[in-house]
Amino acid sequence: MAELHYLGHSAFLLKTDKLNILIDPFIKGNKFSPVTVDKLKDIDVILVTHGHDDHLGDAVEIARRNESKIICIFDLVERVKNAVPMNIGGTIELAENIYVSMVQAFHSSNSVGFVISINGTGIYHAGDTGIFSDMGLISKLYDVEIALLPIGGVYTMGVQEAVIATQMINPRIVVPMHYDTWPQIEVDTKVFARLIKEETDATPKVMKPGDKLII
Ligand code: NI
Ligand code: MN
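Everything numeric here is computed off the predicted structure, so don't read it as measured data.

The rules behind the values
Residues numbered from 1 in each chain as written. Chains lettered and ligands numbered in written order. Predicted model: local features only at pLDDT ≥ 70, side-chain atom pairs only at ≥ 80, totals over all residues. Heavy atoms only, no water. Donors = N, O, S within 2.8 Å, 3.2 Å for Na, K, Ca; no water. Helix = DSSP H or I, 4+ residues; strand = E, 2+ residues; numbered from the N terminus. Buried < 20%, exposed > 50% of the residue type's maximum accessible area, 1.4 Å probe, protein only. Tetrahedral: all angles 85-135°; square planar, octahedral: opposite > 155°, others 65-115°. Pairing = 2+ DSSP bridges. Salt bridge = Lys/Arg side-chain N within 4 Å of Asp/Glu carboxyl O. Right-handed = clockwise from strand over helix to strand, strands pointing away. Axes fitted to C-alpha atoms, helices over the stretch in contact; angles between N-to-C directions. Contact = heavy atoms within 4.5 Å. Polar contact = N/O pair within 3.5 Å; in protein donor to acceptor, adjacent residues only side chain to side chain.

**Student:** Is there a simple way to think about the coordination of the manganese ion (ligand 2) in this case?
**Tutor:** In an ideal octahedron of six donors the angles at the metal are 90 or 180 degrees, and in an ideal tetrahedron of four donors they are 109.5 degrees. Distances from the manganese ion (ligand 2) to its protein donors, Asp54 (OD), His55 (NE2), Asp128 (OD) and His178 (NE2), fall at 2.2 to 2.3 Å. Each donor residue of the manganese ion (ligand 2) lies on the same chain, and together they follow the pattern D-H-x72-D-x49-H. Taken as a pair, the manganese ion (ligand 2) and the nickel ion (ligand 1) lie 3.4 Å from each other and share Asp128 as a ligand. In this pair, His55 is assigned in helix α1 (residues 53-56) and His178 in the loop between β12 (173-177) and α6 (189-199), connecting sequence segments 123 residues apart. Per residue, the accessibility class of His55 equals that of His178, and both read buried.

**Student:** Would you explain the coordination of the nickel ion (ligand 1) in this entry?
**Tutor:** Around the nickel ion (ligand 1), the protein contributes the donor atoms His50 (NE2), His52 (ND1), His107 (NE2) and Asp128 (OD), at 2.2 to 2.3 Å from the metal centre. If you look at the nickel ion (ligand 1), its 4 donor atoms make angles of 89 to 175 degrees with each other, and the shape they trace is irregular. Considered as a linear motif, the donors of the nickel ion (ligand 1) on their single chain read H-x1-H-x54-H-x20-D. We classify His107 as partly exposed; its relative accessible area is 26%.

**Student:** Would you mind showing me how to read the sheet that holds β12 here?
**Tutor:** Strand pairs in the sheet, formed through backbone hydrogen bonds, run parallel or antiparallel to each other. Sheet architecture is open: 7 strands sit in the order β7-β8-β9-β10-β11-β12-β13, paired in mixed fashion. Of all the strands in the sheet, the pair left with one neighbour each is β7 (91-95) and β13 (203-204). Where β7 meets strand β8 (residues 98-104), 4 bridges bridge the pair, whose relative direction is antiparallel. Considered in β8, the bridge of Ala95 is made with Ile98.

**Student:** Would you take a moment to explain the pattern of salt bridges for this structure?
**Tutor:** It is possible for side chains of opposite charge to pair when their charged atoms get near one another. In this structure the tally under the stated criterion is 5 salt bridges. The salt bridge partner of Glu61 is Lys28, with a shortest N-O separation of 2.5 Å. Here Lys28 lies in the loop between β3 (20-23) and β4 (45-47) and Glu61 lies in helix α2 (residues 59-66), a separation of 33 residues in the sequence. Here Glu61 falls in the buried class, since its relative accessible area comes to 19%.

**Student:** I'm lost on the pairing of β12 in this one. Help?
**Tutor:** Two faces, one strand: in a regular strand the side chains alternate between the faces of the sheet. Extensive coverage of β12 is indicated by the burial of 5 of its 5 residues. Of the two faces of β12, the one carrying Ile173, Val175 and Met177 and the one carrying Val174 and Pro176 are both buried. Summarising the sheet, strand β11 (residues 144-150) and β12 pair through 5 bridges and their orientation is parallel. In the sheet register, Leu148 faces β12, and the bridge partner there is Val175. As a crossover connection, the stretch from β11 through helix α5 (residues 159-169) into β12 is right-handed. When β12 meets β13, the two strands line up parallel, connected through 2 bridges. Bridging from a neighbouring strand, Val174 pairs with Pro204 of β13.

**Student:** Is there a simple way to explain the sheet that holds β4 in this structure?
**Tutor:** On the basis of which strands lie adjacent, the open sheet formed by 7 strands has the order β6-β5-β4-β3-β2-β1-β14 and mixed pairing. Two strands close off the open sheet at either side, each with one partner strand: β6 (83-86) and β14 (212-214). With direction set aside, neighbouring strand axes in the sheet form an average angle of 20 degrees.

**Student:** For this particular structure, what's the right way to read the environment of Pro209?
**Tutor:** You can see Pro209 is positioned in the loop between β13 and β14. Along the sequence, Pro209 and Leu7 sit 202 residues apart, while their C-alpha atoms lie 4.9 Å from each other. Non-local contacts of Pro209, meaning those with residues more than four positions away in its chain, are made with Tyr6, Leu7, Gly8, Phe32 and Pro34.

**Student:** Teacher, can you tell me more about the side chain of Glu3 here?
**Tutor:** Within the secondary structure, Glu3 sits in strand β1 (residues 3-6). Here the side chain of Glu3 touches His5 through a polar contact of 2.8 Å, side chain to side chain. When near neighbours in sequence (up to four residues on either side) are disregarded, Glu3 contacts Leu13, Leu14, Lys15, Lys212, Leu213 and Ile214.

Here's what the structure looks like:
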């Protein structure tokens, strides 16, 4: 069993039996974060999708406090120190039956997405991205059951694209992220949830910061 905690924006904490994995820990500048940096304890691994401030966030400080590994694309390694570099298409075993695969994203700043696989259940964090048709291939390769997709528009795909992305990925559950943090990316999540129900086979789970999903 694992728990997926939403920390607002694109930040998530995934607690498994063996490891605590933090993704895109934008905490201090994130007005919705339900935690402060010093409350994030026993973090084993931090996944960073790219170097923009709202994703790299407080990764370096949290890693220093917790002696966590940071996993990121090779080109970001210099900025974070003690990182585990990888690149798109690669997979690393984090613990028994827990794997992380790095997948592509369409954005600037050498962005990527990640699929974390826990006992065969794939959780896809798309990072910052526009829509691309190989999202379907990612799902086929890594058996995506839960998709975390940006919906805010402007800097990433918006609701319309996220609905089509969900059709391609065909997850059991889709969780929206990267919205409402700033006025430009405000979204009516009721519209998102309705369209997902009407146009896909997935269940929309709109998580409030601090909410958790049992996996
Ligand atoms: Ni970005
Ligand atoms: Mn972003």
